[in-house]
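Examining the three-dimensional arrangement
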Amino acid sequence: MYALIYDDHSLDESNKKVISVDGTREESEKVLEQRQKDLGKRVWECNTRIVWTDKAVAAGETLKTDEFVTWKPGEDIPEGELHSNED
């Protein structure tokens, strides 16, 4: 399942709070867009990201960093996500 998690990119914090659980990446993207509007921030300012997990989890619970990945296995990854923006 897809989950929207709070992720402030702190390497010391291995538990990430689940904001929503969704059946598709598109549903999670809509939740993320609404969160952006509610916070009045851009996506990178929201400390939020979409992840894939096999673990049964609900909003308000936490996921450990080893319990999720950015992309669902076998999912098509957009070309822009495959390469670093750094030189």
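Everything numeric in this text was worked out from a predicted model, so none of it was measured.

Taken together, Glu 26, Glu 27, Glu 29 and Glu 33 make up a surface patch of like negative charges. Of note, Glu 26 is situated in helix 1 (residues 25-39).

If you look at the biggest cluster of nonpolar residues, it comprises seven residues: Ala 3, Ile 5, Val 18, Val 51, Val 57, Leu 63 and Phe 68. Setting aside residues up to four positions removed in sequence, Val 51 forms contacts with Met 1, Tyr 2, Ala 3, Ile 5, Leu 63, Phe 68, Val 69 and Thr 70.

Pairing in this open sheet of four strands is antiparallel, and the strands run 3-1-2-4 from one edge to the other. Bordering the open sheet on either side are strand 3 (48-52) and strand 4 (62-64), each of which pairs with just one other strand. Going from strand to strand, the sheet's axes swing by 45° on average, the running direction of each strand aside. Contacts from helix 1 reach strand 1 (2-6), strand 2 (15-22) and strand 3, with the element oriented near 30° to strand 1.

Rules used throughout
Residues numbered from 1 in each chain as written. Predicted model: local features only at pLDDT ≥ 70, side-chain atom pairs only at ≥ 80, totals over all residues. Heavy atoms only, no water. Patch = residues over 30% accessible without salt bridge, like charges linked within 9 Å, V, L, I, M, F, W, Y side chains within 5 Å. Areas by Shrake-Rupley, 256 points an atom, 1.4 Å probe, with all protein chains shown as cover. Salt bridge = Lys/Arg side-chain N within 4 Å of Asp/Glu carboxyl O. Lys, Arg positive; Asp, Glu negative; His and termini not counted. Charge placed at Lys NZ, Arg CZ, Asp CG, Glu CD. Helix = DSSP H or I, 4+ residues; strand = E, 2+ residues; numbered from the N terminus. Core = buried A, V, L, I, M, F, W, Y, C linked by side-chain atoms within 4.5 Å. Buried < 20%, exposed > 50% of the residue type's maximum accessible area, 1.4 Å probe, protein only. Contact = heavy atoms within 4.5 Å. Pairing = 2+ DSSP bridges. Axes fitted to C-alpha atoms, helices over the stretch in contact; angles between N-to-C directions.

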